[in-house]
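# Structural description and commentary
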Amino acid sequence: MSTQPSSSRGSSARRYLFVFLIGLVIGAIATVMAVRAIQARKDHFHEGVMHVQEWHLGQLKSKVEQNRCAATDTLPNLKALRTMADDLEPAFPDLADDKRFTEHASLMRQRLDAAIASPPLTCASLGTTASSIGEACKACHQDFR
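Conventions we followed
Residues numbered from 1 in each chain as written. Predicted model: local features only at pLDDT ≥ 70, side-chain atom pairs only at ≥ 80, totals over all residues. Heavy atoms only, no water. Disulfide = S-S within 2.5 Å. Salt bridge = Lys/Arg side-chain N within 4 Å of Asp/Glu carboxyl O. Buried < 20%, exposed > 50% of the residue type's maximum accessible area, 1.4 Å probe, protein only. Phe/Tyr/Trp six-rings, centres within 6.5 Å; stacked < 30°, edge-to-face > 60°. Helix = DSSP H or I, 4+ residues; strand = E, 2+ residues; numbered from the N terminus.

Turning our eyes to something else, we now look at the state of the cysteines. In the structure shown here, the tally under the stated rule is 1 disulfide. C137 takes part in no disulfide bond, and the closest cysteine sulfur to it belongs to C140, at a distance of 8.1 Å.

Following the criterion strictly, the structure yields 6 salt bridges and no others. In this structure, the salt-bridge partner of R68 is D73, at a minimum N-O distance of 3.4 Å. R68 gets classed as partly exposed once you look at its relative accessible area, which sits at 43%. Ionic pairing is found between D86 and R82, a salt bridge with its closest N-O pair at 2.4 Å.

Quick look at the packing of aromatic side chains now. For any pair of aromatic rings, the description rests on two quantities: the centre-to-centre distance and the angle between the ring planes. In this structure the tally under the stated criterion is 2 aromatic pairs. The interplanar angle of 65° and the centroid separation of 5.6 Å between the aromatic rings of F92 and F101 together place this pair among those described as edge-to-face. F101 matches F92 in its accessibility class, with the two residues each being buried. Look at F101 and F144: their rings are 5.7 Å apart centre to centre, the planes differ by 90°, and that puts the pair in the edge-to-face class. You can see F101 sitting in helix α5 (residues 99–117) and its partner F144 sitting in helix α6 (residues 123–144), a full 43 residues away along the chain. Grouping aromatic residues by their ring pairs yields a cluster made of F92, F101 and F144.

In C-alpha cells form, the structure reads like this:
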C-alpha cells in the first residue's frame, strides 16, 4: 500500500504538467490567431499607395541616371503617379477633410497634370520635374508624418 500513494502522486504531477503544456500550446496558438486577426483588420491601402508612388518616382529618377529621358520612357511612370494621386484622399480617410492635406494632394495632381500635358523631353527637364514631384511629396510628409 505504501507504493500506491507515491505512484499516484507521480502520475498526478505528470497529468498536471501535461495539462499545463497543452494550455501553453493552445494559448500560444490563440495569441497568434488573435494578432493575425488584428493585423488583417488594419487597412494597408495607404501604405500601398505610398509604396507605388515612391517606386514610380524612383523610376523617373533612375531614367535620368540612365540617360533614358524620352517621353515614351517617362510618360508611363508619370501617368501611373497621376492615377495614384487620385487615390490620396481615399487612402487617408482621416485626413480627407483636412484642408492642408487636400491642398497637398491637389498640388501633387497639378504638378503631374502639367508634366503629362507637356512631358519632359530632356534629362535636365525630367530631373526638374521629378524634383518638383518629390518636393510635393516631401511637403505633405513634413506636415503629416
